[in-house]
Structures are given as C-alpha cells and as structure tokens.
Amino acid sequence: MSDGNARLTGQITEQITDFLSAALRRRVEPDDDYFAQGLADSLFALELVTFVETRFALTVEVEDLNLDSFRTANRITEFVRRKTAAPERGEAHGEAS
C-alpha cells in the first residue's frame, strides 16, 4: 500500500472510530468487535450504516448488509475503500476512441 493509500485508510479508520466512540460512549479501537462485546444492537447497526453512507457519500446496497463488514472499524474501512475504489482503466464512461 502506498503512503497516500495508507494515510487515506488511516483517516477513514479514525473518522469511524471517532463516530463509534462518541455513539457508544467509550473508546473504540479499530479491531474492537462492539457487537460481540454487547455494546451495539440492530438499531445501532442501522445508525452505523446511515453514518457510513452519509460520511463517505456511498450507498450501502441490500447485498452489502453483511454484519461482518460492519463488525469493527477496520472492517468498515475495508468496506468503504472497496465501495469508493476508482474503476479500472478502460471501465469508466465506456467512451469510444
């Protein structure tokens, strides 16, 4: 991972952990599983999905609603990076030459 990508990943994770820490009223580390720890429930999962959609300007599709993708801040970061990845060369716009 390049320095720019690592920095972006770190910034995303920090924004997510800040949100989680504020919402759950305790410090949440990037690998903390707040669902397994009993800190979050299904209602919070909805709030978390809404935060991710709003903050990172993406849409969480029905097929994306896998609890494992939202279980830790690091997993959410991976999800956000996948959803916001730039298309490969030649895939964008379908322009003819």
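These numbers were taken from a predicted model, which means no experiment stands behind them. (Residues numbered from 1 in each chain as written. Predicted model: local features only at pLDDT ≥ 70, side-chain atom pairs only at ≥ 80, totals over all residues. Heavy atoms only, no water.)

A word on the packing of aromatic side chains. Enumeration according to the criterion identifies six aromatic pairs in this entry. On the basis of an interplanar angle of 5° and a centroid distance of 4.0 Å, the ring pair of Phe-19 and Phe-51 is categorised as stacked. Here the residue Phe-19 occupies a position in helix H1 (residues 3-24), and Phe-51 occupies one in helix H2 (residues 42-55), the gap between them amounting to 32 residues. Judged by its relative accessible area of 17%, Phe-19 is buried. Their ring planes at 85° and their centres at 6.1 Å tell us that Phe-51 and Phe-56 sit as a pair that is edge-to-face. For the pair formed by Phe-51 and Phe-56, the shared burial category is buried. (Phe/Tyr/Trp six-rings, centres within 6.5 Å; stacked < 30°, edge-to-face > 60°. Helix = DSSP H or I, 4+ residues; strand = E, 2+ residues; numbered from the N terminus. Buried < 20%, exposed > 50% of the residue type's maximum accessible area, 1.4 Å probe, protein only.)

Attention shifts here to the environment of Val-52. Examined against the element boundaries, Val-52 turns out to sit in helix H2. Residue Val-52 is classed as buried on the basis of its relative accessible area of 0%. Beyond its immediate stretch of four places on either side in the chain, Val-52 contacts Ala-57, Leu-58, Phe-70, Ile-76, Phe-79 and Val-80. (Contact = heavy atoms within 4.5 Å.)

This paragraph deals with the nonpolar core. Among the nonpolar cores identified, the biggest contains 22 residues, and Leu-20, Tyr-34 and Val-52 are the most heavily contacted of them. Put simply, the parts of the chain that give this core at least two residues each are H1, H2 and helix H3 (73-83). (Core = buried A, V, L, I, M, F, W, Y, C linked by side-chain atoms within 4.5 Å.)

Our next topic: the packing of H1 against H2. Two elements in contact, H1 and H2, have axes separated by 12 Å at closest approach and are oriented at 145°. As H1 packs across H2, the resulting crossing turns out to be right-handed. Contacts between H1 and H2 involve Gln-15, Ile-16, Phe-19, Leu-20, Ala-23 and Leu-24 on the former and, on the latter, Phe-44, Glu-47, Leu-48, Phe-51 and Arg-55. For the contact of H1 with H2, the residue count by class is eight nonpolar, one polar and two charged. (Axes fitted to C-alpha atoms, helices over the stretch in contact; angles between N-to-C directions. Left-handed = near helix turned anticlockwise from the far one by under 90°. Nonpolar A, V, L, I, M, F, W, Y, C, P; charged D, E, K, R; others polar.)

In this section: the confidence of the model for the chain. Chain-level pLDDT for the chain is 89 on average; 87% of the residues reach the 70-or-more range. Within the chain, the lowest mean pLDDT, 94, falls on H1, and the highest, 97, falls on H3. Scored below 50 in pLDDT, residues 88-97 makes one contact in the model with residues more than four places away or belonging to other chains. (pLDDT = per-residue confidence, 0-100.)

Taken together, the buried positions of H3 are occupied by Ala-73, Ile-76, Thr-77, Phe-79 and Val-80. Burial along H3 is one-sided: seen end-on, the buried residues are contained in an arc of 160°. Those residues of H3 hidden inside the fold are in contact with H1 and H2. (Arc of directions from axis to C-beta.)

Turning to H1, a few remarks are in order. Residues separated by three or four positions in an α-helix point in the same direction, a consequence of the helix having 3.6 residues per turn. Over its 22 residues, H1 runs 31 Å from end to end, which matches the ideal 32 Å to within 8%, given 1.5 Å per residue. Looking at H1, one finds that the buried residues are Thr-9, Ile-12, Thr-13, Ile-16, Thr-17, Phe-19, Leu-20, Ser-21 and Leu-24. Tucked inside the fold, the buried residues of H1 contact H2 and H3. Looking one or two residues past H1, Arg-25 carries a phi angle of roughly 60°, positive in sign. (Expected span 1.5 Å × (residues − 1).)

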